[in-house]
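# Report on the structure
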Amino acid sequence: TQLLEQSPQFLSIQEGENLTVYCNSSSVFSSLQWYRQEPGEGPVLLVTVVTGGEVKKLKRLTFQFGDARKDSSLHITAAQPGDTGLYLCAGGVDSWGKFQFGAGTQVVVTP
Amino acid sequence: SAVISQKPSRDICQRGTSLTIQCQVDSQVTMMFWYRQQPGQSLTLIATANQGSEATYESGFVIDKFPISRPNLTFSTLTVSNMSPEDSSIYLCSVEFTSGKNIQYFGAGTRLSVL
């Protein structure tokens, strides 16, 4: 089993602050996905990264895939209360969408 | 993207009974997956639902406990059989349209409580 470790497990910050969530593994993944899940909902895909060293930006969110495709980070600039949620990383195990999920990082942004 | 509808959205069941969860997609999909998410935890893959053949189960999950049907390319069911309180969880279906894209969409989930 390819394990994905996310850190921190929980993050509570004030509106306007920046935050970074990490996703690490000793294994190489074909791709890495980041999802956000809000209470009562299923995970919503934020981004997919497939190339080592790849950086993607989605408004205030910046995603990076490590050069060796073993780790990734999610950085949020000037966090807003709407960013509150459970952030999950998922590594692609094969080309047919079988994923290994990290344990998740619960982010709380207070006004 | 896709519209994925799960039914029921939540249920409270008695020990020893079974519950069938439905997953309907608004377009044909190649791959459908069933996950379990226990309270405060991440997602664990139960099985891959294959159209026209038996589901492929992950380690720790068996067909007798979690029978799955996939009668066509837009629909699947997961049954949680002979339930116990340990089965209380959120059950999620997800779909992927095209191999290699690694883009997976999730339903809203079914919240199951077993008394």
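Attention here is on the structure that accompanies the text.

About the thresholds
- Per chain, residues are indexed from 1 in the order of the written sequence.
- As a convention, the first chain written is A and the first ligand written is 1, with the rest following in written order.
- Given that the model is predicted, a residue must reach a pLDDT of at least 70 before its local features are reported, and side-chain atom pairs must reach 80 or more before they are shown or counted; all residues, however, enter totals for whole chains, interfaces and linings.
- In computing side-chain values, all of the structure's heavy atoms are included and hydrogens and water are not.
- We count a stretch as a helix when DSSP gives it H or I for four or more residues in a row; a strand needs E for two or more, and each element gets its number in order from the N terminus.
- Note that the radius of gyration is over C-alpha atoms, with the globule rule given as 2.2 Å times the number of residues to the power 0.38.
- Contacts are residue-level and defined by heavy atoms, with any inter-residue pair within 4.5 Å sufficient.
- Neither His nor the chain ends is counted toward charge; the positive residues are Lys and Arg and the negative residues Asp and Glu.
- Note that the charge is assigned to NZ on lysines, CZ on arginines, CG on aspartates and CD on glutamates.
- In these notes, a set of buried Ala, Val, Leu, Ile, Met, Phe, Trp, Tyr and Cys residues joined through side-chain atoms within 4.5 Å is what counts as a nonpolar core.
- Each residue is assigned to one of three classes by its accessible area relative to the maximum for its type, calculated with a 1.4 Å probe on protein chains only: buried under 20%, partly exposed between the two thresholds, exposed over 50%.

### Here we look at the overall build of chain B
Of regular secondary structure, chain B possesses 0 helices and 11 strands. For chain B, the α and β elements follow one another from N to C terminus as β-β-β-β-β-β-β-β-β-β-β. In summary, chain B has a C-alpha radius of gyration of 13 Å against a globular reference of 13 Å for 115 residues, a match within 12%. With the principal axes as the frame, chain B shows a C-alpha extent of 40 × 25 × 20 Å. In chain B, the proportion of contacts linking residues at least 24 apart, taken out of those at least 6 apart, comes to 53%. Here chain B contributes 8 positively and 8 negatively charged side chains, and the mean placements of these two sets differ by 7 Å.

### Here's the deal with the nonpolar core
Counting 26 residues, the largest nonpolar core has Trp34, Ile46, Phe66, Ile68, Leu78, Tyr91 and Leu112 of chain B as its most contacted members. Elements with a contribution of two residues or more to this core: strand S3 (19-25), strand S4 (31-37), strand S5 (43-49), strand S8 (75-80), strand S9 (89-96) and strand S11 (110-114) of chain B. The contacts of leucine 78 of chain B, once residues within four sequence positions are left out, are Leu19, Thr20, Ile21, Trp34, Ile46, Phe66, Pro67, Ile68 and Tyr91 of chain B. One finds Leu19, Leu61, Phe63 and Leu74 of chain A within the second-largest nonpolar core, a separate group that totals 22 residues.

### Focus on the environment of leucine 45 of chain A
Note on placement: leucine 45 of chain A falls in strand S5 (residues 44-49). Given the relative accessible area of 22%, leucine 45 of chain A is considered partly exposed. Taking the C-alpha atoms as reference points, leucine 45 of chain A and tyrosine 35 of chain A, separated by 10 residues in sequence, lie 4.4 Å from one another. Apart from residues no more than four positions distant in its own chain, leucine 45 of chain A is found in contact with Gln33, Trp34 and Tyr35 of chain A together with Ile103 and Gln104 of chain B.

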